[in-house]
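Descriptive analysis of the structure
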Amino acid sequence: MKRIVLYFLLFLFLACRQDKKNEKSKVTLSSAESVSYAQGFKLLKEPSGITVIRVTNPWPGAESGFTYALVPREKLAMVTLDKDAYDAIITIPVEKIVVTSTTHIPALEALGVEASLVGFPNCNYISSEKTRSRIKAGLVTELGNNESLNTERLIELQPDVVIGFSIDNRNKAYDAIGQSHIPVVYNGDWTEQSPLGKAEWIKFFAPFFGLEKKADSLFESIATSYQEAKQLARTAKDRPSVLSGSLYEDVWYLPGGNSWAAQFVQDANASYLWGESPETGSLSLSVESVLEKAEKADFWISPSQFTAYDQMKEANRHYERFEAFKSGRIFTYARSAGETGGLLYYEMGPGRPDVILRDLIHIFHPGMLPDHKPFFFKPLL
């Protein structure tokens, strides 16, 4: 349970950490491919057929980004690259890949390349039935955890690329992997603050497999679904007030007003009570201040790991003072879990913001989506 809580806090916190300036010369992206919502990466398709990926925000507060060259296998003998201009050069399409975040799994599956996954840290966090079946079959190797990857086991796998993520530039495991001539590419999808910005990172994965057109089509469908739901929500007559988060060791953590989670509430045409706060990460508040502002809130969503009212009563008597608790209007993503306890909200949610939004519209505006079946957010038991 503590690990779930800590993961929840990590998901909310985007603590600014400074990296050492990368002194390598970088490629200038003069005519980037279409990336409409994501702020953390850019794509460039060169006339030679090489794809350049520029990750501009690998972690919060990064002083510089990373530039990667993706070279089609059949063009290797025909192109000459300045190796100093790139942080890694990857031959594509890749056949074996290691990813390090559960948010990467749905992208691989949506593109139909899940069979390329050969290793992952903390496999128990993966909830997807399709990938879990591959884990059970011994086709995906357990690699420890992201902070201390089993580099020996990973190197034995000889993947074509490792897609990593980090909160700063001090991951010694990635350094060791790179020194073994296995390219490491940083993914910063978790730093995006807009729902569609996170989802658009499927376009980051597509070039590694030559599936750009498929990714464009998939994302366009998700973006259209999201915008249609947002427009529908605007027709609601009422705008209910919303509370979020819960206590952890006497501190109430809830999303800042400019965060990914808060954006969903706004787009569902509800009033998030901390919507005016400028933070993109989480706020750390006292229970007294939360009670003062949200005791009469119409709805309460995302109460951390809780799945039942009895759990909340036992955890802290103050929870019973909220009107949303008394009226049974608390909704949680913690009831949607995979076989080994991984939460679908963290794994699949970033890639399917349209489903999250429709869940919340169904909650905040009863009757507006009468045929919608909640997927992520469900009422507490």
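Read on for a plain summary of the structure. These figures come from a predicted structure and were not determined experimentally.

Criteria and cut-off values
Residues numbered from 1 in each chain as written. Predicted model: local features only at pLDDT ≥ 70, side-chain atom pairs only at ≥ 80, totals over all residues. Heavy atoms only, no water. Helix = DSSP H or I, 4+ residues; strand = E, 2+ residues; numbered from the N terminus. Rg over C-alpha atoms; globule rule 2.2 N^0.38 Å. Buried < 20%, exposed > 50% of the residue type's maximum accessible area, 1.4 Å probe, protein only. Contact = heavy atoms within 4.5 Å. Areas by Shrake-Rupley, 256 points an atom, 1.4 Å probe, with all protein chains shown as cover. Lys, Arg positive; Asp, Glu negative; His and termini not counted. Charge placed at Lys NZ, Arg CZ, Asp CG, Glu CD. Pairing = 2+ DSSP bridges. Axes fitted to C-alpha atoms, helices over the stretch in contact; angles between N-to-C directions. Salt bridge = Lys/Arg side-chain N within 4 Å of Asp/Glu carboxyl O. Core = buried A, V, L, I, M, F, W, Y, C linked by side-chain atoms within 4.5 Å. Phe/Tyr/Trp six-rings, centres within 6.5 Å; stacked < 30°, edge-to-face > 60°. Right-handed = clockwise from strand over helix to strand, strands pointing away.

Now for the overall build of the chain. Per the secondary structure count, the chain includes 14 helices and 19 strands. Taken over C-alpha atoms, the radius of gyration comes to 22 Å for the chain, in line with the 21 Å a tight globule of 381 residues would show. Dimensions of the chain, computed from C-alpha atoms along their principal axes, come out at roughly 70 × 40 × 40 Å. The burial tally for the chain puts 55% of its 381 residues in the buried class. Residue pairs at least 24 apart in sequence account for 61% of intrachain contacts in the chain once pairs closer than 6 positions are excluded. Carbon and sulfur atoms provide 49% of the accessible area of the chain, an area that totals close to 17,300 Å². Distance between charge centroids for the chain: 1 Å, based on 41 positive and 46 negative side chains.

With mixed pairing, the four strands of this open sheet are ordered in space as 1-2-3-4. Edge positions in the sheet fall to strand 1 (41-45) and strand 4 (88-92), since each has one partner strand and no second. Each neighbouring strand pair of the sheet contributes to a mean axis angle of 20 degrees, computed without reference to strand direction. As paired strands, strand 3 (residues 66-72) and strand 4 are joined by five bridges and run parallel to one another. Bridge pairing links Val-71 to Thr-91 in strand 4.

Moving on, we come to the pattern of salt bridges. Taken as a whole, this structure holds five salt bridges when the rule is applied. For Glu-339, the salt bridge identified is with Lys-136, shortest N-O distance 3.0 Å. Placement of Glu-339 in the loop between strand 18 (330-332) and helix 13 (344-347) and of Lys-136 in helix 3 (residues 129-136) is noted, with a sequence separation of 203 residues between them. Classification of Lys-136 as exposed rests on a relative accessible area of 58%.

With an omega of 0 degrees, the peptide bond between Ile-92 and Pro-93 qualifies as cis. Within the secondary structure, Pro-93 sits in the loop between strand 4 and strand 5 (97-99). Positive phi, normally seen in glycine, also occurs at Asn-269, with a value near 60 degrees. By secondary structure assignment, the location of Asn-269 is in the loop between helix 9 (260-267) and strand 15 (271-272).

Residues Ile-90, Phe-204, Phe-208, Trp-252 and Phe-364 are the most contacted members of the largest nonpolar core, which totals 107 residues. In terms of residue count, helix 14 (residues 353-364) provides more of this core than any other element does, seven residues in total. Counting residues in hydrophobic clusters, the runner-up holds seven residues, among them Leu-44, Ile-50, Ala-69 and Tyr-86.

The subject of this paragraph is the packing of aromatic side chains. On inspection of all chains with the given rule, the structure shows 32 aromatic pairs. Geometrically, the ring pair formed by Phe-41 and Phe-204 is edge-to-face, given 6.1 Å between the ring centres and 85 degrees between the ring planes. Of this pair, Phe-41 sits in strand 1 while Phe-204 sits in helix 7 (residues 202-205), and the two are 163 residues apart along the sequence. Note on Phe-41: relative accessible area 1%, which makes it buried. Note on Phe-204: relative accessible area 0%, which makes it buried. Taken together, the ring pairs in this structure connect Tyr-226, Trp-260, Phe-264, Tyr-333, Tyr-345, Tyr-346, Phe-375, Phe-376 and Phe-377 into an aromatic cluster.

In this structure, Asp-250 sits in the loop between strand 13 (246-248) and strand 14 (251-255). Relative accessible area serves as the criterion here: at 69%, Asp-250 is assigned to the exposed category. Taking C-alpha positions, Asp-250 is 32 Å from Pro-58, a pair spaced 192 residues apart along the chain.

Next up on the list: the pairing of strand 10 (residues 161-164). Across the two faces of strand 10 the burial is the same, with Val-161 and Ile-163 and Val-162 and Gly-164 all buried. Relative to strand 10, strand 5 runs parallel, the two sharing three bridges. When the bridges of strand 10 are listed, Val-99 appears paired with Ile-163. One ladder, built from three bridges, connects strand 10 with strand 11 (residues 184-186); its direction is parallel. By the bridge assignment, Ile-163 is partnered in strand 11 with Val-185. For the crossover from strand 10 across helix 5 (residues 172-179) to strand 11, the handedness is right-handed.

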